[in-house]
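# Notes for the structure review
Now for the letters of each chain:
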Amino acid sequence: MSAKTRILVPGAIRERVLERLQERFDVVRIERADPSLITRAEAADIFGAAVSGRFDAALIEHLPALEIIASFGVGYDGVDVSAAAARGVAVTNTPDVLNDEVADTAIGLLLNTVRRLPQAEMWLREGRWVREGAFPLTPLSLRGRKAGIYGLGRIGLAIAERLKGFGVEIAYHTRRPRADVPYTYYPSLTELAEAVDTLIAIVPKTPETHRTIDATVLRSLGPQGVLINVGRGWTVDEDALAAALKDGVIAAAGLDVFYDEPHVPQALLDLPNVSLLPHVASASVATRDAMADLVADNLHAWFDTGAALTPVPETPFTRKTG
Ligand code: NDP
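Being a predicted model, the structure only gives us computed values, none of them experimental.

## So, unusual backbone geometry
- With an omega of 5°, the peptide bond between E261 and P262 qualifies as cis.
- Positionally, P262 belongs in the loop between β11 (252–255) and α12 (266–269).
- One non-glycine residue with positive phi stands out, namely R116, at about 55°.
- The residue R116 is located in the loop between α5 (99–115) and α6 (117–125) in this model.
- Among the residues examined, R116 registers a relative accessible area of 26% and is labelled partly exposed.
- The residue H279 is not glycine, and still its phi comes out positive at about 50°.
- H279 sits in the partly exposed class, given a relative accessible area of 31%.

## Side note on the packing of α5 against α6
- Interhelical geometry of α5 versus α6 gives an angle of 65° and a closest axis separation of 6 Å. On the side of α5, the interface is formed by L111, N112 and R115, while α6 contributes L117, P118 and Q119.
- Broken down by class, the residue content of the contact of α5 with α6 amounts to three nonpolar, two polar and one charged.

## Things to note about the packing of aromatic side chains
- Evaluated as defined, the whole model comprises four aromatic pairs.
- Ring geometry for W123 versus F135: centroids 5.6 Å apart, planes at 75°, classification edge-to-face. Taken together, the residues span a long stretch of sequence, with W123 in helix α6 and F135 in the loop between α7 (128–132) and β6 (146–150) at a distance of twelve residues.
- Ring plane angle 20° and centroid distance 6.2 Å describe the contact between W234 and Y259, whose orientation is recorded as stacked. With W234 in the loop between β10 (226–229) and α11 (238–247) and Y259 in the loop between β11 and α12, this residue pair connects regions lying 25 residues apart in the sequence.
- Under the relative-accessibility criterion, Y259 is labelled partly exposed at 30%.
- Taking the ring centre of Y259 as reference, the NZ or CZ of R211 above it sits at 4.3 Å.
- In this structure, K320 is placed above the aromatic ring of F317, and the distance from its NZ or CZ to the ring centre is 6.0 Å.

## A word on the nonpolar core
- Counting residues in hydrophobic clusters, the biggest one holds 53 residues, and the most contacted among them are L21, I149, I159, L163 and L299.
- Setting aside chain neighbours within four positions, we find I159 in contact with A103, A106, I107, I149, I200, I202 and V230.

## Let's talk about the sheet that holds strand β4 (residues 68–71)
- Strand order in this open sheet of five strands is β2-β1-β3-β4-β5, and the pairing throughout is parallel. Only two strands of the sheet have a single neighbouring strand rather than two, namely β2 (26–30) and β5 (90–92). Averaged over all pairs of adjacent strands, the angle between their axes in this sheet comes to 20°, without regard to strand direction.
- In the sheet, β4 pairs with β5 via three bridges, with the strands oriented parallel. Its bridge partner being in β5, I68 is matched across the sheet by A90.
- In this fold helix α1 (residues 15–22) packs onto β1 (6–10), β2 and β3 (46–51), with an angle of close to 145° to the strand it touches most, β2.

## Structural notes on the packing of α5 against helix α8 (residues 154–165)
- Where α5 meets α8, the closest approach of the two axes is 8 Å, and the angle between their N-to-C directions is 55°. In terms of axis orientation, α5 runs oblique to α8. In this structure, α5 meets α8 at a crossing whose hand is right-handed. For the pair formed by α5 and α8, the contact residues are N99, D100, V102, A103, D104, A106, I107 and L110 on the first element and R154, I155, A158, I159, R162 and L163 on the second.
- In the contact of α5 with α8, the residues fall into nine nonpolar, one polar and four charged.

## Some words on the site of the ligand
- R154, I155, R175, R176 and V230 are the nearest of the 26 residues found near the ligand.
- Here R232 contributes a side-chain N or O atom positioned 3.4 Å from an oxygen atom of the ligand.
- Within the contact set of the ligand, an oxygen atom lies 3.0 Å away from a side-chain nitrogen or oxygen of H279.
- Taken by itself the ligand offers 930 Å² of open surface, and the protein chains cover 88% of this.
- Partitioned by chemical class, the residues of the shell around the ligand number twelve nonpolar, eight polar and six charged.

Reading guide: rules and limits
- Residues numbered from 1 in each chain as written.
- Predicted model: local features only at pLDDT ≥ 70, side-chain atom pairs only at ≥ 80, totals over all residues.
- Heavy atoms only, no water.
- Helix = DSSP H or I, 4+ residues; strand = E, 2+ residues; numbered from the N terminus.
- Buried < 20%, exposed > 50% of the residue type's maximum accessible area, 1.4 Å probe, protein only.
- Axes fitted to C-alpha atoms, helices over the stretch in contact; angles between N-to-C directions.
- Contact = heavy atoms within 4.5 Å.
- Nonpolar A, V, L, I, M, F, W, Y, C, P; charged D, E, K, R; others polar.
- Phe/Tyr/Trp six-rings, centres within 6.5 Å; stacked < 30°, edge-to-face > 60°.
- Lys NZ or Arg CZ within 6 Å of the ring centre and 35° of its normal.
- Core = buried A, V, L, I, M, F, W, Y, C linked by side-chain atoms within 4.5 Å.
- Pairing = 2+ DSSP bridges.
- Parallel < 35°, antiparallel > 145°, perpendicular 65-115°, else oblique.
- Left-handed = near helix turned anticlockwise from the far one by under 90°.
- Near = heavy atom within 4 Å.
- Polar contact = N/O pair within 3.5 Å; in protein donor to acceptor, adjacent residues only side chain to side chain.
- Areas by Shrake-Rupley, 256 points an atom, 1.4 Å probe, with all protein chains shown as cover.

Note that every value here comes from positions in space, so none of it alone points to a role or purpose.
Pasting the structure below:
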């Protein structure tokens, strides 16, 4: 039995998480979240975990003393939260500290998509401005657009706040309407898509959101339609999206997230009217540091005070002692 509480860290995680954990804990690292990498004897002595990515039921099952899993990121779809909840294991995520960064990126991606700014920069860098003259006018503009936000939670709200400054109309779809916003609510995603020409997706990966942005939704957006996804690739039918972009069913898309990351379908890579980012919405040093601190702070708070700072709604547990 070690003197310090033992915390398991499977796989890669930001160095700052490890530094902050080492202040108080004995950190046990394994290469990936695989129960075969930790013996039963070692497993018996693990009381908490910090993870960036997967933590499945088999690993939870393998750790009999586990009390808490602190997950890096606001989306915690990599952690088997039902298995954790069933065992009374708390799961925490990193909400709020990344809202502004992700919302900023969503707006940047939207502008890149409608005004083709990355392509315009390439035009300059490749010497085409000198050789061929001005970059072609963009057929699309943000002016006069109607934006529909699919998921008006913490980040969706921050995106809406920014969009207000651009003078675009704002509507949204969630399962339940919010009483605290002035934006128009649509009870279904298709109705939202019919009412707007710019759909911004920022919903979590859940069974209900799987491939909900499908051919019907894209057709509803119409030929001037723009899709921006900064939530999860899981929510988009990528085959239907590639076809819609190719056939002019919608005009353009901007994607930060993909179904099978880091693999991006060739059909999307081949298209000129899609702007692609490698899942960077929260990826600044300052924001990733804030997320790392919240992972560590959750573990510190749990073992110091008996309560986590940001438990996910499925595991509203406090620590059982004695
Ligand atoms: P919140 O939980 O605050 O908001 C989620 C929103 O989605 C709520 O408005 C919720 O409303 C809505 N929602 C959930 N399920 C459904 C559904 N089935 N149909 C319609 N609406 C739904 O989460 P955050 O805003 O903090 O984060 C959202 C997601 O963004 C994360 O889960 C993560 O996957 C992703 N993300 C991506 C990042 C990136 O790097 N690209 C960075 C950060 C987050 P209601 O419950 O009423 O339906």
